[in-house]
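This is what each chain is made of:
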Amino acid sequence: MSIAGWATAAGTTRYRDRLASQVAAGHFREAPGLDGVLASSVGLGSYLGAETTEDDERYRLATRRVLELGVNVLDAAINYRCQRSERALGRGLADAVADGVVTRDEVVVATKGGFLSFDGKPPADPAADFERRYVKPGIARPEDVVGGCHIMTPRYLRHEIETSRRNLGVDTIDIYYVHNPETQLPVVGLAEFERRLTAAFGALEEAVADGHIRAYGTATWNGYRQSPESRDYLSLERVLACARAAGGDRHHFRAVQLPYNLAMPEALALENQPVGDERTSLLLAAAHFGLTVMASASIYQGNLARRLPPFIAQALPGLSTDAQRAIQFVRSTPGIVTALVGMKSLAHVEENLAVLRVPPATQEQLARLLSGGRERSA
């Protein structure tokens, strides 16, 4: 039995107020374009891990625990751990709802579709698995697959949304991302890519109308952080034009997700996005268009959890570990609504979420960090 409802302004405000004594001011912030929904500055990611029952259980317990501690953003993708991450997060959410930890309207549930997904574990014969699960039922054709791994046809996405809803145990997904659409761009060319993206967004507009999702967007790896000359570069302005072509001026494209961290600062630092006659950063462009931005890879899959330069600790006081400092940098950057952090260990949950008890860094602290620890010159 799935959980009815979706994140609302009233529900997330209730959650914020109930958790107010456990977290510092500035932790909850309004998510632009999401009808007044408040999102936590840190969210639970679920990319890493093995396809095992042990890691399933770790994610289930981590999900319940982060909801207790003040995190109300859960992020997955259907292909993460062969659908097991969605299922584990769904069980953790169901446990938390059943135990009275949260109600459905307090939690933002996001997932992604576009990559081929296996069911439980990688099959011995992927081609035969694809034929059995997708071709024979008429869900996808071999010619729909780009690069051996990516599909974003309307019929495929509709099927993936239904599967994700079952995996997560919810009637409605709050944010549904087309996952790394730029994978197709170098293969099919810009004109065909935009035709395909518009068709995909049309399917997602239908899913909104059916109550299966509330909003949609794109979750990318390279697309928004590239030079405009790169073959897989995405212009947010042109992506939004595809959304308008699919859904009119009242379209439901409301969010973007991309990597952003101390080692990958392009969303802030690279002025690669056209807005009218100007070029600006992805974060400023998203703000201009009224979009929520969620940052993936906040600690860069653990690479930023240790051995950071000492000046970072000096610039970001009040924290005890490098993982906390890496998270603090991301969640404090203007324009980032939520810093997603993969956490399947309860010990890492407790360590990382200690950052919630510290206010976000000031702009002066961030400026000092970005200058390499030097004070800004007058």
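Below is a summary of the structure that appears in this document. Just so you know, these numbers come straight off a predicted model, no measurement behind them.

The rules behind the values
- Residues numbered from 1 in each chain as written.
- Predicted model: local features only at pLDDT ≥ 70, side-chain atom pairs only at ≥ 80, totals over all residues.
- Heavy atoms only, no water.
- Helix = DSSP H or I, 4+ residues; strand = E, 2+ residues; numbered from the N terminus.
- Rg over C-alpha atoms; globule rule 2.2 N^0.38 Å.
- Buried < 20%, exposed > 50% of the residue type's maximum accessible area, 1.4 Å probe, protein only.
- Contact = heavy atoms within 4.5 Å.
- Areas by Shrake-Rupley, 256 points an atom, 1.4 Å probe, with all protein chains shown as cover.
- Lys, Arg positive; Asp, Glu negative; His and termini not counted.
- Charge placed at Lys NZ, Arg CZ, Asp CG, Glu CD.
- Axes fitted to C-alpha atoms, helices over the stretch in contact; angles between N-to-C directions.
- Parallel < 35°, antiparallel > 145°, perpendicular 65-115°, else oblique.
- Left-handed = near helix turned anticlockwise from the far one by under 90°.
- Nonpolar A, V, L, I, M, F, W, Y, C, P; charged D, E, K, R; others polar.
- Pairing = 2+ DSSP bridges.
- Salt bridge = Lys/Arg side-chain N within 4 Å of Asp/Glu carboxyl O.
- Phe/Tyr/Trp six-rings, centres within 6.5 Å; stacked < 30°, edge-to-face > 60°.

### What to know about the overall build of the protein
Next, step 1: The number of helices and strands found in the protein is 14 helices and 12 strands.
Next, step 2: For a compact globule of 378 residues, the expected C-alpha radius of gyration is about 21 Å, and the protein comes in at 20 Å, within 12% of that figure.
Next, step 3: Over its C-alpha atoms, taken along the principal directions, the protein stretches across nearly 60 × 55 × 40 Å.
Next, step 4: Buried positions account for 54% of the 378 residues belonging to the protein.
Next, step 5: The contacts in the protein between residues at least 6 apart in sequence include a share of 77% that link residues at least 24 apart.
Next, step 6: On the protein, roughly 15400 Å² of surface is accessible, and the fraction owed to carbon and sulfur atoms is 51%.
Next, step 7: In the protein, the 42 positive side-chain charges and the 44 negative ones have mean positions that sit 3 Å from each other.

### Some words on the packing of helix α5 (residues 154-168) against helix α7 (residues 190-209)
Next, step 1: Put simply, α5 and α7 touch, their axes get as near as 8 Å, and they point 40 degrees apart. Classified by the angle between their axes, α5 and α7 sit oblique to one another. When you trace α5 past α7, the crossing you get is right-handed. Contacts from P154, L157, R158 and I161 of α5 reach α7 at A199, A200, A203, L204, E206 and A207.
Next, step 2: Split by residue class, the contact of α5 with α7 holds 8 nonpolar, no polar and 2 charged.

### Quick word on the environment of H159
Next, step 1: Note that H159 resides in helix α5.
Next, step 2: In this structure H159 comes out as partly exposed when scored by relative accessible area, which is 25%.
Next, step 3: If near-sequence neighbours (up to four positions away) are discounted, H159 is found in contact with Y134 and I139.

### Details of the pairing of strand β6 (residues 173-179)
Next, step 1: Counting buried residues along β6, 7 of its 7 residues qualify, which places the element largely inside the surrounding structure.
Next, step 2: The pairing of strand β5 (residues 108-113) with β6 spans 4 bridges and is classified as parallel. What sits directly across from A110, in β6, is I175.
Next, step 3: Bridge count for β6 against strand β7 (residues 213-219) is 6 bridges, and the pairing is parallel. Opposite I173, over in β7, you have I213 as the bridge partner.

### Description of the pattern of salt bridges
Next, step 1: Under the criterion given, the structure shown has 28 salt bridges.
Next, step 2: In this structure, E192 and R195 form a salt bridge, with 2.7 Å as the shortest nitrogen-oxygen distance. Of this pair, E192 and R195 both sit in helix α7, 3 residues apart, roughly one helical turn.
Next, step 3: Note that E266 and R225 form a salt bridge whose closest N and O atoms lie 3.2 Å from each other. Taken together, the residues span a long stretch of sequence, with E266 in helix α9 (residues 266-269) and R225 in the loop between β7 and α8 (236-247) at a distance of 41 residues.

### Quick look at the packing of aromatic side chains
Next, step 1: Tallied over the entire structure, the rule returns 8 aromatic pairs.
Next, step 2: A centroid spacing of 5.5 Å and a plane angle of 70 degrees characterise the contact between F201 and F253, whose relative ring orientation is edge-to-face. Of this pair, F201 sits in helix α7 while F253 sits in strand β8 (residues 253-259), and the two are 52 residues apart along the sequence.
Next, step 3: Residue F201 is classed as buried on the basis of its relative accessible area, which comes to 0%.
Next, step 4: For F253, a relative accessible area of 1% puts it in the buried group.
Next, step 5: Ring centres 5.4 Å apart and planes at 20 degrees place the aromatic pair Y260 and F329 in the stacked group. Remark: F329 occurs in helix α12 (residues 322-332) and Y260 occurs in the loop between β8 and α9; sequence separation between them is 69 residues. Grouping residues by exposure puts Y260 and F329 together as buried.

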